[in-house]
Amino acid sequence: MKQLFTIAIMVLSVWLGIVFVRPYWDRHLLQLDIEEAAIYGTKKSEGEVRRFLVNKMRKKGRDITGDNLLVVKNDRNTVYVKVSYSDEVKIAGRTLKKLRFTLEAEEKEVKNGF
């Protein structure tokens, strides 16, 4: 009986750890997507970058729209992408914590000298 209780506590601890880490893991994956969009933007227009990122978010099931995005490209093809969004930690349909994230990426066009 004691072993069963110990295993139940361990499983519950792992599950709670996953629930609380998920928003931060999603933030990391979203940061990678934003960096990819910034690189994409060095060769494309601001509108194309916005569409690229919104389509990528839709495919991954994230609720991020064009209203949450800021894409700025200057005449030297430096692209700045900023995304603001919120996420929640939920257990059994109840929100335990609401988190607000702002992610940024900036990339410059790289020209080969060869």
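Everything that follows concerns the structure shown earlier in this document.
Undergrad: Is there a simple way to explain the packing of aromatic side chains in this structure?
TA: Note on aromatic pairs: each is described by the distance of the centres and the angle between the planes. With the rule as written, the count across this model stands at three aromatic pairs. Among the aromatic residues, those joined into a cluster by ring pairs are Tyr-24, Tyr-85 and Phe-101.

Undergrad: Whenever I open this one, the pairing of strand β1 (residues 69-73) confuses me. Can you help?
TA: Pairing analysis gives five bridges linking β1 to strand β2 (residues 78-91), with the strands arranged antiparallel. Within β2, the residue paired with Val-72 across the bridge is Tyr-80.

Undergrad: So what exactly am I meant to see when it comes to the side chain of Gln-31 here?
TA: Relative to the elements of secondary structure, Gln-31 occurs in helix α1 (residues 2-41). Leave out the neighbours within four places in its chain, and Gln-31 touches Leu-103, Glu-104 and Ala-105.

Undergrad: Looking at this structure, how should I read the pairing of strand β3 (residues 94-108)?
TA: Successive side chains on a regular strand alternate, one facing one side of the sheet and the next facing the other. Direction of pairing for β2 relative to β3: antiparallel, over a ladder of 14 bridges. Directly across from Ser-84, in β3, lies its bridge partner Thr-102. Two successive antiparallel strands, β2 and β3, enclose a turn made up of two residues, where Ala-92 displays a positive phi of approximately 55 degrees.

Undergrad: Looking at this structure, how should I read the nonpolar core?
TA: Across soluble globular proteins, nonpolar side chains have a tendency to be buried as a group. Judged by nonpolar contacts, the single largest core of 22 residues is most densely connected at Leu-30, Ile-34, Leu-53, Ile-64, Val-81, Val-83 and Tyr-85. Of all elements in the fold, only α1, α2 (46-59), β1, β2 and β3 reach the threshold of two or more residues within this core. Element by element, the count of residues in this core is highest for β2, at six residues.

Undergrad: Help me understand the packing of α1 against α2 in this model?
TA: Each pair of packed helices can be described by the angle between their axes along with the distance between the axes. It is at 9 Å that the axes of α1 and α2 come closest, and there the two elements cross at 150 degrees. Relative to α2, α1 is oriented roughly antiparallel. The chirality of how α1 crosses α2 is right-handed. Facing α1, whose interface residues are Leu-30, Asp-33, Ile-34, Glu-36, Ala-37, Tyr-40 and Gly-41, α2 presents Glu-48, Val-49, Phe-52, Leu-53, Lys-56 and Met-57. For the contact of α1 with α2, the per-class residue count stands at eight nonpolar, one polar and four charged.

Undergrad: Would you take a moment to explain the environment of Leu-32 for this structure?
TA: Position of Leu-32 relative to the elements: it lies in helix α1. Once the C-alpha coordinates of Leu-32 and Ala-105 are considered, the two residues, 73 residues apart in sequence, prove to be 9.1 Å apart.

Undergrad: Can you help me understand the sheet that holds β3 in this one?
TA: One key point about sheets: their strands pair by backbone hydrogen bonds, in either a parallel or an antiparallel sense. Judged by pairing direction, the sheet is antiparallel, and its three strands sit side by side in the order β1-β2-β3 without closing on themselves. The strands lining the two open edges of the sheet, one partner per strand, are β1 and β3. Direction aside, the axes of adjacent strands within the sheet are offset by 15 degrees on average. On top of the sheet, α1 reaches β1, β2 and β3; it is set at about 165 degrees to β2, its chief contact. Where α2 meets the sheet, its contacts fall on β1 and β2, and the angle it forms with β1 comes to roughly 145 degrees.

Here is what the cut-offs are and how they apply
Residues numbered from 1 in each chain as written. Predicted model: local features only at pLDDT ≥ 70, side-chain atom pairs only at ≥ 80, totals over all residues. Heavy atoms only, no water. Phe/Tyr/Trp six-rings, centres within 6.5 Å; stacked < 30°, edge-to-face > 60°. Pairing = 2+ DSSP bridges. Helix = DSSP H or I, 4+ residues; strand = E, 2+ residues; numbered from the N terminus. Contact = heavy atoms within 4.5 Å. Core = buried A, V, L, I, M, F, W, Y, C linked by side-chain atoms within 4.5 Å. Buried < 20%, exposed > 50% of the residue type's maximum accessible area, 1.4 Å probe, protein only. Axes fitted to C-alpha atoms, helices over the stretch in contact; angles between N-to-C directions. Parallel < 35°, antiparallel > 145°, perpendicular 65-115°, else oblique. Left-handed = near helix turned anticlockwise from the far one by under 90°. Nonpolar A, V, L, I, M, F, W, Y, C, P; charged D, E, K, R; others polar.

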